[in-house]
Amino acid sequence: MRISIANIFTHLFLLLALLATASCSDWTDQKTVDIDPQHAKEQNPELWARYMETLRTYRQSKHFVTYGSFDNSAEKSKNEGDYLRSLPDSLDIVTPTHPESLTSYDCEDILLLQEKSIKVLYLVDYTAQMPALTDAAKLGAWLDKAVAAASQLGLYGGTEAEQAARREAAKLIVSKLSTAVGDGKLLVFEGDPAFMDAADLNKLDYVVLNTATITSAVDLKLYVAGVIENFSIPKEKLLLSAKINEKLVDEEGEKLDAVTEMTNRVVSLGPVGGLAIYALGDDYYHTKMNYETSRLAIQIMNPSK
């Protein structure tokens, strides 16, 4: 809430007037005030159940998927944007970027997201750990630990971060993760499909292309066309990616919001399966609506949903 100087003075005058008219007993009497806010689920359980059913129906329908990458690394939360519970209900999948640092609040929020049929994935970031994973034994032990953590947290599946340096490492990662995930769970690869064997690509539910690093629409067209031509990946499994607050230069040289413009390319370049949005939390506050850019992207892709 923002209060101007004029409003501050108004509030001060009102407070002074109240102080002048109130007796001492008015200020010393103790009164119990219930300020515990009720969740919508408690306010109207029947309406909440109907809403959950609507969300499940939407997830099961044919639609363009929205995948979000959420930075959960904040040591001290500044606002609701630091909590998973605040994400748009129309999001399909979310991956916390630091699953090893999930707090008790995050775990509570994950249960709420799962109730809303949002799939929460465990990130297996091979690129970040690669210097320490010097042989297959260390890589295997690290993957076993990640699989156990994902199972303990009750997450739906896993993602492998981009650019695995060696094909053999990628094969081991996919082998272990595809064995770990079962019915109703997802396995997503983020990065360049050139690092994957064709057989392993078939085990993936989605491939998030690293288009978030591309700043030119011309380069974007060439890259996506090359992926479609050179890899036997069904187009509905491909997700374009873009980052909040970044720009994409279109064919006329105009700088446009990367997420919104990439959303428009989901159909024109495929159509592909949908869009992955990075730095999702940076979209939290807008004067009109929280997560305004992300919500608009979902609506553009699924206008009739």
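Residues numbered from 1 in each chain as written. Predicted model: local features only at pLDDT ≥ 70, side-chain atom pairs only at ≥ 80, totals over all residues. Heavy atoms only, no water.

## Thoughts on the overall build of the protein
As a reminder of what qualifies: By definition, any uninterrupted DSSP run of H or I lasting at least four residues is a helix, any uninterrupted run of E lasting at least two residues is a strand, and each is numbered from the N terminus. Any residue under 20% of the maximum accessible area for its type is buried, any over 50% is exposed, and the rest in between are partly exposed; the area is computed with a 1.4 Å probe on protein chains only. Residues are treated as being in contact if the distance between any of their heavy atoms lies within 4.5 Å.
For the protein, the count of helices and strands is twelve helices and ten strands. The buried share among the 305 residues of the protein stands at 40%. When contacts within the protein are restricted to residue pairs at least 6 apart in sequence, those whose partners lie at least 24 apart make up 73%.

## Here we look at the nonpolar core
Convention followed: In this description, a nonpolar core means a group of buried Ala, Val, Leu, Ile, Met, Phe, Trp, Tyr and Cys residues linked to one another through side-chain atoms lying within 4.5 Å.
Counting residues in each nonpolar core, the largest one holds 57 residues, and the members touching the most others are Leu-87, Val-94, Leu-139, Val-207, Leu-240 and Leu-275. Residue contacts for Val-207: discarding those within four places in its chain leaves Phe-189, Gly-191, Leu-201, Ile-233, Lys-237, Leu-238 and Leu-239. One finds Leu-186, Val-188, Val-208 and Tyr-278 within the second-largest nonpolar core, a separate group that totals eleven residues.

## Re helix H12 (residues 292–301)
Condition: Directions from the helix axis toward the C-beta atoms define the arc.
Among the residues of H12, those classed as buried are Thr-293, Ser-294, Ala-297, Ile-298 and Met-301. Angular distribution of buried residues about the axis of H12 spans 135°; they occupy a single face of the element. Those residues of H12 hidden inside the fold are in contact with helix H4 (45–60), strand E1 (65–70), strand E9 (255–257), helix H11 (258–268) and strand E10 (274–278).

## As for the packing of H11 against H12
Here is the rule we go by: In this description, a line fitted to the C-alpha atoms serves as the axis of each element, helices being fitted only across the stretch in contact, and the angle between N-to-C directions of two axes falls anywhere from 0 to 180 degrees. Convention used here: angles under 35 degrees read as roughly parallel, angles over 145 as roughly antiparallel, angles from 65 to 115 as roughly perpendicular, and any remaining angle as oblique. When the near helix sits turned anticlockwise from the far one by under a right angle, the crossing is termed left-handed; a clockwise turn instead gives a right-handed crossing. In the scheme used here, Gly and all other residues not listed as nonpolar or charged are polar, with Ala, Val, Leu, Ile, Met, Phe, Trp, Tyr, Cys and Pro taken as nonpolar and Asp, Glu, Lys and Arg as charged.
Their axes nearest at 9 Å, the elements H11 and H12 cross at an angle of 15°. As the angle between them shows, H11 and H12 are arranged roughly parallel. Note on packing geometry: the crossing formed by H11 with H12 is right-handed. For the pair H11 and H12, contact is made by Val-259, Thr-260, Thr-263, Asn-264 and Val-266 and by Thr-293, Leu-296, Ala-297, Ile-300 and Met-301, respectively. Residue classes in the contact of H11 with H12 are distributed as six nonpolar, four polar and no charged.

## A word on helix H5 (residues 104–115)
What counts is decided by this rule: Multiply 1.5 Å by the residue count of a helix minus one, and that product is the helix's expected span.
Taking 1.5 Å of rise per residue, the twelve residues of H5 would be expected to cover 16 Å, and the 17 Å separating its terminal C-alpha atoms lies within 8% of that figure. Taken as a whole, H5 has its buried residues at Asp-106, Asp-109, Ile-110, Leu-112, Leu-113 and Gln-114. In this fold, the buried residues of H5 make contact with H4, strand E2 (93–96) and strand E3 (119–124). In the stretch just after H5, Ser-117 is the one whose phi turns positive, near 70°.

## Comments concerning the pattern of salt bridges
Here is the rule we go by: The salt bridge definition used is simple: a Lys or Arg side-chain nitrogen within 4 Å of an Asp or Glu carboxyl oxygen.
If you walk through the whole model with that rule in mind, you get ten salt bridges. The partner of Arg-56 in a salt bridge is Glu-53, with the nearest N and O atoms 2.9 Å apart. Remark: Glu-53 and Arg-56 occur in helix H4; sequence separation between them is three residues, near one turn of the helix. Linking Asp-92 and Arg-59 is a salt bridge whose minimum nitrogen-to-oxygen distance equals 3.8 Å. Highlighted residues: Asp-92 in the loop between E1 and E2 and Arg-59 in helix H4, separated in sequence by 33 residues. Neither Asp-92 nor Arg-59 differs from the other in exposure class; each is buried. Through salt bridges with shared partners, a single ionic network connects Lys-221, Glu-251, Glu-261 and Arg-265.

## Observations regarding the layout of surface pockets
Condition: Using only the protein atoms, space was sampled on a 1 Å grid; points where a 1.4 Å probe fits but cannot get out form cavities, open sets with protein on both sides within 12 Å along at least five of seven lines form pockets, and lining residues are those with an atom within 4 Å of a point. Grid points are joined across faces, edges and corners, and a volume is the space filled by probe spheres set on the points.
Here the largest pocket is characterised by a volume of approximately 540 Å³. Around the largest pocket sit 22 residues that line it, and Arg-59, Ser-61, His-63, Val-65 and Tyr-206 are the ones nearest its centre. Counting residues per element, the lining of the largest pocket draws most heavily on H4, at three residues. When grouped by side-chain class, the residues that make up the lining of the largest pocket number eight nonpolar, six polar and eight charged.

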